[in-house]
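For reference, the chains in residue letters:
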Amino acid sequence: MATVPGQLIWEMVKKNNSFLVKQFGRGTASLRFSKESNNLYNLNSYKHSGLANKKTVSIQAAGKDQAVVLATSKTKKQNKPAALFHKSVMKKEFRRMAKAVENQVEGNYYRPDLKKAALARLSAVHRSLKVAKSGVKKSKRQALKIRV
Amino acid sequence: MAAAARPLVSVQPLPASLNDMATDHVTTVALPDVMKASIRPDIVNFVHSNISKNSRQPYAVSKKAGHQTSAESWGTGRAVSRIPRVSGGGTHRAGQGAFGNMCRGGRMFAPTKTWRRWHRKVNVNQKRYAVVSAIAASSIPSLVMARGHRVESVPEMPLVISDSAESIEKTSTAIKVLKEIGAYPDAEKAKDSQAIRPGKGKMRNRRYISRKGPLIVYGTEGAKLVKAFRNIPGVDVANVERLNLLKLAPGGHLGRFVIWTKSAIEKLDSIYGSFEKCSEKKQGYVLPRSKMVNADLARIINSDEVQSVVKPIKKEIKRASLKKNPLKNLNVMLKLNPYAKTARRMALLAEAERVKSKKEKLDKKRKPVSKEELAAAKAAGKAWYKTMISDSDYTEFENFTKWLGVSQ
């Protein structure tokens with residue numbers, strides 16, 4: 001289907017979609033987040049949207065600890081959701097993973113405008129995995145609360 | 001208007017264990033033109049909100065409510081307000097206000113009537129446009145996902161399954177089929193979402209709510225699959241000939257997850273026609289045309305036709321500079337009048353000269369004159385006088401000898 005893509009879909013989806021989160025801020029000034037998996041900043045905007053773009057990048061935590069899944073969508077297979085993503089699980093040390101992400105996103109001109117976002121998300125996901133592994137640490141300065 | 005190339009949609013085969021036609025291999029169907037129609041969420045929203053008013057049942061207050069009294073106002077002079085009060089005596093009710101919307105036991109403001117206009121008429125063409133839009137939207141994975149259906153594991157959109165599905169009789173096989181084609185997560189989502197409705201609807205026969213799952217569209221009348229699929233929570237079934245907008249775009253939102261059978265999708269062409277060919281079933285109906293055939297702006301802008309005519313990008317942006325006064329600021333003056341530099345230099349030099357010479361003159365005057373100079377000045381004065389006398393004609397006259405002095 002000639003997905004009259006991008007612009008049309010974005011116009012339809014930007015105000016209302018099942019991934020939209022309008023929680024923080026006050027009233028109409030609230031921030032609009034988006035829960036799609038292909039959204040690197042989780043912001044509800046055209047550039048970052050996973051729904052409205054043909055080429056998307058997604059970085060998620062994989063099941064096993066320390067492993068991160070990098071998924072880019074293939075442009076030719078827009079109609080086949082099952083075969084849409086090019087997934088690769090990365091379990092290397094951080095610098096290598098960063099290099100890999102950068103190559104995939106910018107090196108082959110896939111989505112150079114998303115490079116920074118991808119790297120930022122990588123580090124965020126990676127850090128959260130580290131924390132998840134070692135448990136949430138209490139700060140050393142925190143005084144023990146005496147519960148009555 | 002070009003009917004764009006019709007891509008092929010492959011028909012998902014059902015596993016051999018379920019049917020006799022174990023030999024059906026992957027076949028393909030051409031995408032029906034309906035799926036290329038323009039998608040108009042505004043029309044769909046409008047039509048949906050109007051159509052959903054059509055199954056309403058009227059409600060109203062009893063027309064006698066609040067008026068079953070013979071109340072009369074007591075008038076003025078009795079130190080009470082003037083609303084009609086219930087006549088008679090011997091009960092609490094006596095003397096209470098009646099009839100007003102503000103009174104306890106009175107009738108409401110504007111009692112609701114059964115003859116309110118409950119149903120709405122919608123133009124047939126608009127209704128068809130909306131259905132066509134909804135069908136088109138159901139073939140775009142982004143929109144279906146945006147509506148909230150779990151279609152990540154669906155092999156292809158639009159999802160077409162072979163006709164052997166139409167003869168499924170048991171719900172258990174129906175569920176297996178859904179799992180095979182990747183539609184099960186959506187049905188599962190619907191099943192998990194069953195909950196008790198918040199609010200008074202609970203007490204008004206609308207106790208449970210749940211999400212919507214896939215919509216199965218079949219082609220042949222009386223297909224057995226209706227009975228097999230209808231009990232699965234969230235799943236709806238529909239015949240192609242009678243597609244309902246309320247099912248295709250629930251809540252007025254485009255993009256229901258639709259599962260077509262092969263005969264259903266083949267029928268779509270004859271039911272809705274194409275952009276040029278009239279539909280066979282709907283007299284004189286042609287698919288609506290879109291305002292822009294190619295709405296991919298990015299591609300249009302980057303196309304050769306446009307880029308070859310477009311001016312190059314201005315990388316240097318010239319910004320308005322602050323105006324500086326040439327009379328005060330030499331550099332700005334020079335931009336306007338290069339000669340100003342030499343003129344000013346000349347002026348300065350001349351000024352310096354003047355100052356210098358004036359100073360010299362004054363110095364000279366203030367300096368006491370030396371004797372030689374004084375003598376020289378005096379002698380020069382005398383000599384000049386002498387020349388004046390000799391030059392003049394006065395010497396010829398005797399009368400002037402006294403003035404002129406003796407020596408000549």
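Residues numbered from 1 in each chain as written. Chains lettered and ligands numbered in written order. Predicted model: local features only at pLDDT ≥ 70, side-chain atom pairs only at ≥ 80, totals over all residues. Heavy atoms only, no water.

**Q** Teacher, can you tell me more about the packing of aromatic side chains here?
**A** A ring pair, where both rings are aromatic, is described by two values, the distance of the centres and the angle of the planes. In the structure shown here, the tally under the stated rule is 2 aromatic pairs over all chains. Between Trp10 of chain A and Tyr46 of chain A, the ring centres sit 6.2 Å apart and the planes meet at 50°, which makes this aromatic pair tilted. Residue Trp10 of chain A is found in helix α1 (residues 7–13), and its partner Tyr46 of chain A is found in the loop between β2 (33–34) and β3 (57–61); the two are separated by 36 residues along the sequence. The exposure class of Tyr46 of chain A is partly exposed, given its relative accessible area of 29%. The positively charged end of Arg78 of chain B is found above the aromatic ring belonging to Trp74 of chain B, 4.5 Å away from the centroid. Lying over the aromatic face of Trp74 of chain B, Arg85 of chain B brings its terminal NZ or CZ to 5.5 Å of the ring centre. (Phe/Tyr/Trp six-rings, centres within 6.5 Å; stacked < 30°, edge-to-face > 60°. Helix = DSSP H or I, 4+ residues; strand = E, 2+ residues; numbered from the N terminus. Buried < 20%, exposed > 50% of the residue type's maximum accessible area, 1.4 Å probe, protein only. Lys NZ or Arg CZ within 6 Å of the ring centre and 35° of its normal.)

**Q** I'm lost on the nonpolar core in this one. Help?
**A** Among the nonpolar cores identified, the biggest contains 78 residues, and Ile135, Leu178, Phe229, Trp260 and Tyr272 of chain B are the most heavily contacted of them. Considering each element in turn, this core owes the most residues, 8 residues, to helix α2 (residues 124–137) of chain B. Ignoring anything within four residues of it in the chain, the contact list for Leu178 of chain B reads Ala183, Tyr184, Ala187, Ile216, Phe229, Ile232, Val235 and Ile259 of chain B. Counting residues in each nonpolar core, the second largest holds 18 residues, with Ala98, Val101, Tyr110 and Val125 of chain A among its members. (Core = buried A, V, L, I, M, F, W, Y, C linked by side-chain atoms within 4.5 Å. Contact = heavy atoms within 4.5 Å.)

**Q** I would appreciate a short explanation of unusual backbone geometry in the present structure.
**A** Excluding glycine, residues mostly carry a negative phi; peptide bonds, for their part, are mostly trans. Residues and elements named next belong to chain B. Of note, the amide linkage connecting Met157 to Pro158 takes the cis form, showing an omega dihedral of 0°. Mapped onto the fold, Pro158 is located in the loop between α3 (141–147) and β5 (159–161). The phi torsion at Ala110 lies on the positive side, around 50°, for a residue other than glycine. Assignment of secondary structure puts Ala110 in the loop between β4 (84–85) and α2. For Ala110, a relative accessible area of 44% corresponds to the partly exposed category. In this structure, Asn205 takes a positive phi of about 65° despite not being glycine. Turning to its location among the elements, Asn205 is positioned in the loop between β6 (195–196) and β7 (208–209). The class for Asn205 is exposed, based on a relative accessible area of 78%.

**Q** Just to check I follow, could you spell out the pairing of strand β4 (residues 68–73) of chain A for this structure?
**A** Look at any regular strand and the pattern is simple: side chains alternate between the two faces of the sheet. Residue and element names in this part refer to chain A. Burial runs high along β4: 6 of the 6 residues are buried. Alternating residues of β4 divide into Val68, Leu70 and Thr72 and Val69, Ala71 and Ser73, and every residue in both groups is buried. In the sheet, β3 pairs with β4 via 5 bridges, with the strands oriented antiparallel. Bridge pairing in β4 places Gln60 opposite Val69. Direction of pairing for β4 relative to strand β5 (residues 85–90): antiparallel, over a ladder of 6 bridges. Within β5, the position partnered with Ala71 by the bridge is Lys87. (Pairing = 2+ DSSP bridges.)

**Q** Would you take a moment to explain the domain arrangement of chain A for this structure?
**A** Quite often, the size of an interface is put as the accessible area lost when its parts meet. Residues and elements named next belong to chain A. What the domain assignment lists for chain A is domain 1 (1–53) and domain 2 (55–130). Between domain 1 and domain 2, the residue contacts involve 13 residues of the former and 15 residues of the latter. Both sides together, the interface formed by domain 1 and domain 2 hides about 1100 Å², and carbon and sulfur atoms give 51% of it. At the boundary of domain 1 with domain 2, the tally comes to 0 salt bridges. The interface formed by domain 1 and domain 2 holds 4 residue pairs in polar contact (both at pLDDT 80 or more) in total. Among the residues forming the side of domain 1 that touches domain 2, the class breakdown is 3 nonpolar, 9 polar and 1 charged. (Domains from an automatic or database assignment. Buried area = accessible area lost by both parts, 1.4 Å probe. Salt bridge = Lys/Arg side-chain N within 4 Å of Asp/Glu carboxyl O. Polar contact = N/O pair within 3.5 Å; in protein donor to acceptor, adjacent residues only side chain to side chain. Nonpolar A, V, L, I, M, F, W, Y, C, P; charged D, E, K, R; others polar.)

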